[in-house]
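# Residue-level structural notes
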Amino acid sequence: MIRVMICLTRWFHWLILKGNNLQSPRRITLIGAIMQPAAVISGLDEKSSNRYLLHNITTLILTTLTLYIVFGSLNIAYSSEKKSVPNIVFILADDLGYGDVSCYNPESKIKTPHIDRLAAEGMKFTDAHTPSAVCTPTRYGILTGRYCWRTRLKYRVLDGFDPPLIEQDQITVPSLLKKAGYDTACIGKWHLGMQWTDKNGQPVPAVPIDRRQRPRVGDDVDYTKPIIGGPLTSGFDYYFGISASLNMSPFCFIRNDRPVILPTIPSERIQTEFLSVDQGMRSPDFTIRGVMPTLTGEAVKYIERHGKESSERPFFLYFPLTAPHLPLVPNDEFKGKSAAGEYGDFVLEVDATVGAIMDALQRTGVAENTLVIFTSDNGGLYHWWTPQETDDLKHYKPNHRGQYVKDRGHQGNAHLRGTKADIWEGGHRVPFIVRWPDKTPADSTNDELVELTDLLATCAAITDTKLPDGAAQDSVNILPALLGKKSDTPLREYAIHHSLWGHFSVRQGPWKMIPKRGSGGFTRAREVEPAAGEPTGQLYNLKQDPSETKNVWQEHPEVVKQLSAILEQVQKQ
């Protein structure tokens, strides 16, 4: 720019000198047209006018140059400040177990090289938890920093036609980041409610949470009407994905607030060993097997498009996958590649998706300034364990999915007790891997207690944004842990967990207290009525007994009392 200014100065000087030697009475040169009026106005002779004009032009150019240097320096400083704020990619697997990932479980029958590489280049948390043992409540907690049982959904999950669960004025991760200058996108499984319209022009209502029927079919929905609520009203600039779980209607892709292609084809229920798909409405382009590749492609395209069109702005990509949740539909290139059957093959497809995202970040040149978080919405479903705890010895035996992976020597949740939906550790302790180059120590392990609700408070800290009073009440800033900083006191004083059927647990330090007996989820027995003299709840010392094999409720009444008081206090907030 400086060289351009010098050249312009010299060019104007040459034109003026040249103009002095021109004898043409018309003076049709640009400089002549500028000079002559100046000469007339000033009353000076032509030569003096030229010198006067040269002086003014030179002054103008030097002033412009000075302003450019000053404001350019400010702009460079501003740009440097903007670049210090990372892009954020949050990849949420669906029903992936703690022991499915080989960097967490050396005995896993599934090798996950891309997820393992993410851990090798970043930090692996070993005590990370979802706020719920099932998907909708966890997703609510991730985006709002609040426990879902504070909403109308006290237990269970939404179906594909339920109205929005996130309140209109609720602050969310994307809305906070948007105010901080981020572009925001959600690509994948939403499952937090969208307001559909029926064929009579009325809003489709919520179904009672105590319903007994299967998810709704959706043949009474007017799919030509725009969707109200959902990702776009929760802070996202862009959305592409499906409304709920892969087994739920409607079976169609949605872009922003409308189906890409209308779901007009009735689809019957499918129930086999690996396929569990409800009756519903399907669009002609939609196949169950094609969903994961389509979502992966859309996420890669978003990263590439952002790099070309908006590289000066940071972005937040929330990427909730549909796998390895049922139905198990691994594509041909993954079939037979794991030693854990169809389930393991589907996990490999998840791993390949993580690899595709990492490659896209590298290819577009933003990997070094991108915070990547990989985790799961709850524990794995394909899991079994050896019964040791008293209630387990009476009631537990692996279901057919547990038996499927047991026959192949695989434990989806490693050494943990419980599966998805259960209040035990297998229901909510999940992989949690963070890569943030030059910020998060590479190839490190962290045993800090963290919860997925902590994303919102942590994003506020990363962007130096103040949260409004009362917002994200169940979120804790875990940025110090991401940066590898150690503290004498835990970042989280306690954590609250919740099961499919509404059982609570409280975690503080090594202690975990469950006020009721039973799993509270899928595993038998869901509830156990204590006999006279038996413990009424469950208490485990996870440091000594990470597999929850010995209930010490009666041995430590003071701990039960302390944790019960914490739970009561949190429930009243």
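Predicted model, so just to flag it, every value in this text is computed and none were measured.

## Overview of empty space enclosed by the protein
Scanning all chains against the criterion turns up 2 cavities of 30 Å³ or more. Considering only enclosed or pocket space, the largest cavity measures out at about 90 Å³ in volume. Mapped onto the lining of the largest cavity, the elements with two or more residues apiece are β13 (370–376), β14 (432–435) and α12 (455–462). In terms of residue count, the dominant contributor to the lining of the largest cavity is α12 (4 residues). Among the residues making up the lining of the largest cavity, the classes are represented as 11 nonpolar, 1 polar and 2 charged. Here the second largest cavity defines a volume of roughly 30 Å³. Together, D95, P324, H325, L326, Y343, L381 and Y382 line the second largest cavity. Here the residues of the lining of the second largest cavity sort into 5 nonpolar, 1 polar and 1 charged.

## Description of the side chain of S243
Secondary-structure assignment places S243 in the loop between β5 (238–242) and β6 (254–255). The exposure class assigned to S243 is buried, which follows from its relative accessible area of 4%. In this structure the side chain of S243 is engaged in a polar contact, spanning 3.2 Å, whose partner is the backbone oxygen of G160. When near neighbours in sequence (up to four residues on either side) are disregarded, S243 contacts G160, W190, H191, L192, M194, W196, S249, P250 and I254.

## Considerations on the nonpolar core
Formed by 70 residues in total, the largest nonpolar core has its most connected members in L317, F319, I357, L361, F374 and Y382. Of all the elements, helix α8 (residues 341–363) adds the most residues to this core, at 10 residues. Discounting residues that sit within four places of it in the chain, L317 has contacts with I88, V89, F90, A185, I187, A299, Y302 and I303. One finds C148, F161, W190 and W196 within the second-largest nonpolar core, a separate group that totals 56 residues.

## Considering the confidence of the model for the protein chain
Of the residues in the protein chain, 86% reach a pLDDT of 70 or more, and the chain-wide mean stands at 90. Below a pLDDT of 50 lies the segment residues 1–42, which in the model reaches 37 contacts outside its immediate sequence neighbourhood of four places, other chains included. Counting contacts from residues 67–82, a segment whose pLDDT is below 50, to residues more than four positions away or on other chains yields 7 contacts.

## A word on the sheet that holds strand β17 (residues 495–498)
Strand order in the open sheet formed by 4 strands is β17-β18-β19-β20, and the pairing between neighbours is antiparallel. A strand with exactly one partner marks an edge of an open sheet, and here the two such strands are β17 and β20 (538–541). Strand-to-strand, the axes of this sheet are offset by a mean angle of 20°, without reference to chain direction. Direction of pairing for β17 relative to strand β18 (residues 504–508): antiparallel, over a ladder of 4 bridges. Within β18, the residue paired with A495 across the bridge is R507. Relative to the sheet, helix α14 (residues 557–572) contacts β17, β18, β19 (511–514) and β20, its axis offset from that of β18 by approximately 115°.

## Some thoughts on helix α4 (residues 113–120)
Here α4 has its buried residues at I115, L118 and A119. One face of α4 carries all of its buried residues, which in axial projection span an arc of 100°. Check the buried side of α4 and you find it contacts β2 (123–125), α8, β13 and β14.

## Here's the deal with unusual backbone geometry
Residue A323 is joined to P324 through a cis peptide bond whose omega torsion reads 5°. Here the amide bond leading from L326 into P327 is cis, since omega sits at 0°, within 30 degrees of zero. Phi angles above zero are rare outside glycine, and H191 is one such case at about 55°. Locating H191 in the fold gives a position in the loop between β4 (183–189) and β5. One non-glycine residue with positive phi stands out, namely D438, at about 65°. For D438, a relative accessible area of 76% gives the class exposed.

## So, the pairing of β4
Burial runs high along β4: 7 of the 7 residues are buried. The pairing of β4 with strand β12 (residues 315–320) spans 4 bridges and is classified as parallel. Its bridge partner lying in β12, D183 is registered against F315.

## Some details on the layout of surface pockets
A volume near 1200 Å³ is recorded for the largest pocket. Its residues assigned to classes, the lining of the largest pocket shows 13 nonpolar, 14 polar and 12 charged.

## Quick notes on the packing of aromatic side chains
Geometrically, a pair of aromatic rings is defined through the distance of the ring centres and the angle of the planes. Counted under the stated rule, the structure contains 22 aromatic pairs. Seen from their ring centres, W196 and Y223 are 5.6 Å apart, and the 75° between their planes marks the pair as edge-to-face. Taken together, the positions of W196 in the loop between β4 and β5 and Y223 in the loop between β4 and β5 put the pair 27 residues apart, joining distant regions of the chain. For the residue pair W196 and Y223, the accessibility class agrees, reading buried in each case. One aromatic cluster is present, built from ring pairs that chain together F90, W190, F236, Y239, F316 and Y318. Its end group placed over the ring of Y404, R408 keeps NZ or CZ at 3.8 Å from the ring centre.

## Examining the environment of I514
Among the structural elements, I514 can be located in strand β19. Sequence-wise, I514 and L539 are 25 residues apart; in three dimensions their C-alpha atoms are separated by 6.3 Å. Those residues in contact with I514 that lie beyond four places of it in its chain are I423, W424, F504, S505, G537, Q538, Y540 and W553.

## Description of helix α7 (residues 291–309)
The terminal C-alpha atoms of α7, which comprises 19 residues, lie 26 Å apart, in line with the 27 Å expected from a rise of 1.5 Å per residue. Buried residues of α7: V291, M292, L295, T296, E298, A299, V300, Y302, I303 and H306, and no others.

## Considering the pattern of salt bridges
Within the structure shown, the criterion is met by 31 salt bridges. The shortest N-O distance in the salt bridge between R117 and E121 comes to 3.5 Å. One salt bridge in this structure joins E298 and K301, with 3.2 Å as the shortest N-O distance. Of this pair, E298 and K301 both sit in helix α7, 3 residues apart, which is roughly one turn of that helix. Judged by relative accessible area, K301 falls into the partly exposed class, the value being 42%. Salt bridges linked by common partners bring D127, E425, R429, R507, K512 and E548 together as one network.

Calculation criteria
Residues numbered from 1 in each chain as written. Predicted model: local features only at pLDDT ≥ 70, side-chain atom pairs only at ≥ 80, totals over all residues. Heavy atoms only, no water. 1 Å grid on protein atoms, 1.4 Å probe; cavity = no way out; pocket = protein on both sides within 12 Å on 5 of 7 lines; lining within 4 Å. Points joined across faces, edges and corners; volume = space filled by probe spheres on them. Helix = DSSP H or I, 4+ residues; strand = E, 2+ residues; numbered from the N terminus. Nonpolar A, V, L, I, M, F, W, Y, C, P; charged D, E, K, R; others polar. Buried < 20%, exposed > 50% of the residue type's maximum accessible area, 1.4 Å probe, protein only. Polar contact = N/O pair within 3.5 Å; in protein donor to acceptor, adjacent residues only side chain to side chain. Contact = heavy atoms within 4.5 Å. Core = buried A, V, L, I, M, F, W, Y, C linked by side-chain atoms within 4.5 Å. pLDDT = per-residue confidence, 0-100. Pairing = 2+ DSSP bridges. Axes fitted to C-alpha atoms, helices over the stretch in contact; angles between N-to-C directions. Arc of directions from axis to C-beta. Phe/Tyr/Trp six-rings, centres within 6.5 Å; stacked < 30°, edge-to-face > 60°. Lys NZ or Arg CZ within 6 Å of the ring centre and 35° of its normal. Expected span 1.5 Å × (residues − 1). Salt bridge = Lys/Arg side-chain N within 4 Å of Asp/Glu carboxyl O.

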